[in-house]
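These are the residues of each chain, in order.
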Amino acid sequence: GYRYKTLQNPQTSLHLSKPSTCNEGFYIREAFFSDLGFVSQILADGFFSGRNIFSFQYEKIKTYLSLEACFPKTHEKEEYKYFVACNVENGEVLGFVELDCRPSNSDKAPPKPYMCNLATHKHWKRRGIAKALVIECEKAVIDKKPTKRNIFLKVRKGNIPAVKMYENLGYKYENSSWEKQRDGDEETLIILMKKVIETPLNSTEYDFLNSKSLSNTYIER
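Note that the coordinates shown come from a computational prediction; the quantities given were computed from them, not determined experimentally.

Undergrad: Could you clarify how one ought to interpret helix 1 (residues 36–48) in this entry?
TA: Because an α-helix completes one turn every 3.6 residues, residues spaced three or four positions apart along the sequence face the same direction. Taking 1.5 Å of rise per residue, 13 residues should cover 18 Å, and helix 1 covers 17 Å from first to last C-alpha, within 8% of that figure. For helix 1, the full list of buried residues reads Leu36, Val39, Ser40, Ile42, Leu43, Ala44 and Phe48. As for helix 1, its buried residues are in contact with helix 2 (53–70), strand 2 (80–87), strand 3 (93–100) and strand 4 (114–120).

In structure tokens, the structure reads:
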């Protein structure tokens, strides 16, 4: 695992001692407000890379404003979380996921707990970052209520690599529907997937997660 050392102001710089093993070179923590610019770039690259430059910039700004408006408040951080994966050498944000466990009375709200906006840096794909972020969300669900729990997510049916990753992590098909991801977009077939999380997570998942986690000493929709 890694040996961590933080300085007085972790929100502006996170200092770590040299890792005892390199592994994939990242760790997981809850997001700071100052991370949102990097997160919006990662999400825009992940979901809107096919747009022209003007549409891409518009979607990136729109994503940032949404992240800013929804940033977890102090009183709701037990039920609503932003997680980021960071480079162990320099703290650069490499991945993001959002977890929402807040109850809702809206018929249009997805089932909770709900995981969304999972994305990784375009130069850091296939290094286990997405898997680590998913397992971090599962651990947060268990920590909130240490009993058998469900966790849900949505994914485009055509995103075969993501669907296969979720299936390999134990997620099962729940249902599907045609949805618009953004105003003006054509409808896309979206799969709702569910996993029943057992307590505890299996030893392989915990060993993988513990090598990547660092507490704050803080997809598709």
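Let's pick the thread back up.
Undergrad: For this particular structure, what's the right way to read the packing of helix 1 against helix 2?
TA: When two helices pack together, their arrangement is given by the angle between the helix axes and by the axis-to-axis distance. Relative orientation of the contacting elements helix 1 and helix 2 amounts to 130°, with a least axis distance of 9 Å. Judged by the angle between their axes, helix 1 and helix 2 are oblique. Where helix 1 crosses over helix 2, the handedness of that crossing is right-handed. Each of Leu36, Gly37, Val39, Ser40, Gln41, Leu43, Ala44, Asp45 and Phe48 in helix 1 lies in contact with helix 2, whose residues at this interface are Phe56, Glu59, Lys60, Thr63, Tyr64, Leu67 and Glu68. Of the residues that constitute the contact of helix 1 with helix 2, the class distribution is eight nonpolar, four polar and four charged.

Undergrad: Help me understand the pairing of strand 1 (residues 26–30), please; the structure alone is not making it clear to me.
TA: Most of strand 1 is tucked away, with five of its five residues classed as buried. The two faces of strand 1 match: Phe26, Ile28 and Glu30 on one face and Tyr27 and Arg29 on the other face are all buried. Across five bridges, the pairing between strand 1 and strand 2 is antiparallel. Paired with Tyr27 across the two strands is Cys86, which belongs to strand 2.

Definitions and limits used
- The residue count restarts for each chain, going from 1 along the sequence in the order it is written.
- With the structure being a predicted model, the display of local features is reserved for residues of pLDDT at least 70 and the display and counting of side-chain atom pairs for 80 or more, all residues being used for whole-chain, interface and lining totals.
- Each side-chain value is worked out from all heavy atoms of the structure, with water and hydrogens disregarded.
- Each helix is a run of H or I in the DSSP string that is no shorter than four residues. Each strand is a run of E no shorter than two, and both are numbered from the N terminus.
- In this scheme, a helix's expected span is set at 1.5 Å multiplied by one less than its residue total.
- We call a residue buried when its accessible area falls under 20% of the maximum for its residue type, exposed when it is over 50%, and partly exposed in between, using a 1.4 Å probe and counting protein chains only.
- Residue contacts follow a heavy-atom distance rule, with two residues in contact if any of their heavy atoms lie within 4.5 Å.
- The angle between two axes is taken between their N-to-C directions and runs from 0 to 180 degrees, where each axis is a line fitted to C-alpha atoms and a helix contributes only its stretch in contact.
- Any angle from 65 to 115 degrees is called roughly perpendicular, while one under 35 is roughly parallel, one over 145 is roughly antiparallel, and all others are oblique.
- For any pair of crossing helices, the crossing counts as left-handed if the nearer helix is rotated counterclockwise from the farther one by less than a right angle, and right-handed if it is rotated clockwise.
- Each residue is assigned to one class: nonpolar for Ala, Val, Leu, Ile, Met, Phe, Trp, Tyr, Cys and Pro, charged for Asp, Glu, Lys and Arg, and polar for all the others, Gly among them.
- Strand pairing requires that DSSP identify at least two bridges connecting the strands.

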